[in-house]
Structures are given as structure tokens and as C-alpha cells.
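So the chains spell out like this:
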Amino acid sequence: QVQLVESGGGLVQPGGSLRLSCAASGFTFGLYRMNWYRQAPGKERELVARITSTGGNTNYADSVKGRFTISRNNAQNTVYLQMNSLKPEDTAVYYCNTDRLPNYWGQGTQVTVSS
């Protein structure tokens, strides 16, 4: 059974940092490109970052370039999102996902950036 479990969210002040984790199971993680999405209240879910199966290539939304870094550990079936210089507009629920299993989503992890 496919499972995606996000963690690491919380309340942080503007300019702060958080590291999100997504533990995956139920599929051959090391063969799949992985994505981080986010959804803010009243807005559609948006793609934040993605990483190829080997970790050799990454892509970012313009709004997070230079501040967020996606990485993965295929031995631990985990994908990470390091978020630095956080802004209030980064407030959202963050989810991980893989394109090849588009119907599977975790519960998400709440990130709130506020002073």
C-alpha cells in the first residue's frame, strides 16, 4: 500500500527555516521522481519543487528559487525540503507526491510563517 507521510512543519518567524520530510513506502521509491506541493487557504495546490529519481536534477517554482532546496535519500525512502528565509506567503500545507502515482497524497504538514 502506497503511503506518503509528511512531517517537520510548524510555526516560524519570517526569515526562519524549516526542514520538511516525506517518508514514502509501498512503491520503488528510488525509481520515481518526487515532488513537493503546497496549498494555501483559498488557493489551488501548487508545485514547489521536484527532484529526479537519482537526485541529479531539481526544479523549483520561481517563488522559492534560492530559498528552498529539495533533496532525497533513496536508502531511507525519504524526500526533504529545506526551507530558508521563509516569508509569510510561504504559509501553506505542504505535501509530497510522485507523478507516477498521482492519486496518492499524504496528510500534509502545516507551515505557518508569522511574527
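As shown above, the structure is provided for reference.
Numbers given for residues are sequential positions, taken from 1 along each chain in its written order. Two thresholds apply to this predicted model, a pLDDT of at least 70 for residue-level local features and 80 or more for giving and counting side-chain atom pairs, whereas whole-chain, interface and lining totals are computed over all residues. The basis for every side-chain value is the complete set of heavy atoms in the structure, and neither hydrogens nor water enter the calculation.

What to know about the nonpolar core
Thought 1: Within the largest apolar cluster, 30 residues are counted, with the highest numbers of intra-cluster contacts made by Phe27, Trp36, Phe68, Val79, Leu81, Met83 and Tyr94.
Thought 2: Segments assigned H or I by DSSP are reported as helices when at least four residues long, segments assigned E as strands when at least two residues long, and all are numbered from the N terminus. For this core, the secondary structure elements donating two or more residues are strand S3 (18-25), strand S4 (34-39), strand S5 (46-51), strand S7 (68-73), strand S8 (78-83), strand S9 (92-97) and strand S10 (109-113).
Thought 3: If one sorts the elements of this core by residue count, S3 sits on top with four residues.
Thought 4: Beyond its immediate sequence surroundings of up to four residues, Leu81 is in contact with Leu18, Arg19, Leu20, Trp36, Val48, Ala49, Phe68, Thr69, Ile70 and Tyr94. Here the nonpolar core consists of buried residues drawn from Ala, Val, Leu, Ile, Met, Phe, Trp, Tyr and Cys, with membership extended through side-chain atoms lying within 4.5 Å. Relative accessibility thresholds used throughout: buried, under 20% of the residue-type maximum; exposed, over 50%; partly exposed, between the two (1.4 Å probe, protein chains only). Note on contacts: a residue pair is in contact if any heavy atoms of the two residues lie within 4.5 Å.

Notes on the pairing of S8
Thought 1: Counting buried residues along S8, five of its six residues qualify, which places the element largely inside the surrounding structure.
Thought 2: Taken together, the six bridges between S3 and S8 define a ladder with antiparallel strand orientation. Among the inter-strand pairings, Ala23 is bridged to a residue of S8, identified as Thr78.
Thought 3: A strand pair is defined by DSSP finding two or more bridges across the two strands. Relative to S8, S7 runs antiparallel, the two sharing six bridges. Paired with Ile70 across the strands is Leu81, a residue of S8.
Thought 4: Counted between consecutive antiparallel strands, the loop separating S7 from S8 contains four residues, among which Asn77 sits at a positive phi close to 50°.

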